[in-house]
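Here's the letter readout for the chains.
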Amino acid sequence: DTGVSQNPRHKITKRGQNVTFRCDPISEHNRLYWYRQTLGQGPEFLTYFQNEAQLEKSRLLSDRFSAERPKGSFSTLEIQRTEQGDSAMYLCASSPTENQPQHFGDGTRLSIL
Amino acid sequence: AQSVTQLGSHVSVSEGALVLLRCNYSSSVPPYLFWYVQYPNQGLQLLLKYTSAATLVKGINGFEAEFKKSETSFHLTKPSAHMSDAAEYFCAVSHPGGSNYKLTFGKGTLLTVNP
């Protein structure tokens, strides 16, 4: 069990640029979640995958956001035309089944200049 | 809909003193409840979980929490604080039997431990 891995750990970009984050879940965890955490707040749910199927998206996930999980392994979260309000920590979590606790990665901190 | 309220955004205790972090939840169905800890620039680490078994739940690092349905509470305690306990703590709720078991978090409580 090597834990949930997220890359990069930090991303600094100019407003309007596109960014992509990667999450490698714990091996054989077929459930994968993305959350966003802004300063002084708890994480907020963005989207959920069961294997390769994206089963739920939060209303927080505007059309500038897209997430994929090809082949049910790693996942990517892309933000197009970044805005100042996108600055946050993006957290990925995985779990082996629906009623097992989620294990979190260390997150990707996004800063928009 | 489900929600979590953590009373007190900042709690300060002396080393060796009791730690009490408060969490109240709102849920239309019997919930699963969790406490996570977050150290600076890191992800969240699970401390303990309640999943409808024993109402007193013991977790890692000496923490425990008691589920009280009548009070809709799930407060986190530790008898004796250690300097290494200084971190941010999040209470979270999910719905068993729901479509995805997504977590809804409180805003967090920052715990500082004074020597």
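Residues numbered from 1 in each chain as written. Chains lettered and ligands numbered in written order. Predicted model: local features only at pLDDT ≥ 70, side-chain atom pairs only at ≥ 80, totals over all residues. Heavy atoms only, no water.

Visitor: Before we go on, may I ask you to explain the interface of chain A and chain B in this structure?
Guide: Quite often, the size of an interface is put as the accessible area lost when its parts meet. Between chain A and chain B, the contact holds 21 residues from the first and 19 residues from the second. Both faces combined, the contact of chain A with chain B buries some 1,700 Å², and carbon together with sulfur accounts for 52% of it. For Glu56(A), the salt bridge is made with Lys102(B), and the minimal N-O distance between the two is 2.9 Å. Applying the counting criterion to the chain A and chain B interface returns seven residue pairs in polar contact (both at pLDDT 80 or more). Among the elements of the structure, β4 (31–37) and β5 (44–50) of chain A are those that each provide at least two residues to the side of chain A that touches chain B. Among the elements that take part in the side of chain A that touches chain B, β4(A) stands out by supplying three residues, more than any other. Residue composition of the side of chain A that touches chain B, grouped by class: eight nonpolar, eight polar and five charged. (Contact = heavy atoms within 4.5 Å. Buried area = accessible area lost by both parts, 1.4 Å probe. Salt bridge = Lys/Arg side-chain N within 4 Å of Asp/Glu carboxyl O. Polar contact = N/O pair within 3.5 Å; in protein donor to acceptor, adjacent residues only side chain to side chain. Helix = DSSP H or I, 4+ residues; strand = E, 2+ residues; numbered from the N terminus. Nonpolar A, V, L, I, M, F, W, Y, C, P; charged D, E, K, R; others polar.)

Visitor: What should I look at first to understand the pattern of salt bridges in this one?
Guide: Note on pairing: side chains with opposite charge can pair once their charged atoms come close. For the structure shown, the criterion picks out seven salt bridges over all chains. With its nearest N and O atoms 2.8 Å apart, the salt bridge here joins Arg64(A) to Asp86(A). Of this pair, Arg64(A) sits in the loop between β6 (53–57) and β7 (65–68) while Asp86(A) is found in the loop between β8 (75–79) and β9 (88–95), placing the two residues 22 residues apart along the sequence. Comparing Arg64(A) with Asp86(A), the two get one shared label, buried. Across the pair Glu64(B) and Lys58(B) runs a salt bridge, and its minimum N-O distance is 2.8 Å. For Glu64(B), a relative accessible area of 23% corresponds to the partly exposed category. Each member of the salt-bridge network shares a partner with another, and the members are Arg64(A), Glu83(A) and Asp86(A). (Buried < 20%, exposed > 50% of the residue type's maximum accessible area, 1.4 Å probe, protein only.)

Visitor: Is there a simple way to explain the confidence of the model for chain A in this structure?
Guide: Where the model shows low pLDDT, its predicted coordinates should not be examined in detail. Mean pLDDT over chain A stands at 93; residues scoring 70 or higher make up 99%. Mean pLDDT across the elements of chain A bottoms out in β6(A) (91) and peaks in strand β3 (residues 19–24) of chain A (98). (pLDDT = per-residue confidence, 0-100.)

Visitor: Help me out: how do you make sense of the state of the cysteines in this one?
Guide: Note on terminology: disulfide describes a covalent bond linking the sulfur atoms of two cysteines. One pass over the structure, following the stated rule, counts two disulfides over all chains. Between the sulfur atoms of Cys23(A) and its disulfide mate Cys92(A) the distance is 1.9 Å. Its S-S torsion of about -70° marks the bond between Cys23(A) and Cys92(A) as left-handed, since a negative value means left-handed. Taken as a pair, Cys23(A) in strand β3 and Cys92(A) in strand β9 lie far apart in primary sequence, 69 residues in all. For Cys92(A), a relative accessible area of 0% puts it in the buried group. Here Cys23(B) pairs with Cys91(B) through a disulfide, and the sulfurs are 2.0 Å apart. With the S-S bond torsion at -65°, the cross-link from Cys23(B) to Cys91(B) turns out left-handed. A residue pair is termed long-range when its members are at least 10 positions apart, and Cys23(B) in strand β3 (residues 19–26) and Cys91(B) in strand β9 (residues 87–94) qualify at 68 residues. (Disulfide = S-S within 2.5 Å.)

Visitor: Whenever I open this one, the sheet that holds strand β6 (residues 56–58) of chain B confuses me. Can you help?
Guide: The pairing of strands in a sheet happens through backbone hydrogen bonds and is either parallel or antiparallel. All names here are of chain B. The antiparallel open sheet is built from five strands, whose spatial order is β1-β3-β8-β7-β6. Where the open sheet ends on each side, the last strands, each with one partner, are β1 (3–7) and β6. In this sheet, neighbouring strand axes are inclined to one another by 20° on average, regardless of whether the strands run parallel or antiparallel. (Pairing = 2+ DSSP bridges. Axes fitted to C-alpha atoms, helices over the stretch in contact; angles between N-to-C directions.)

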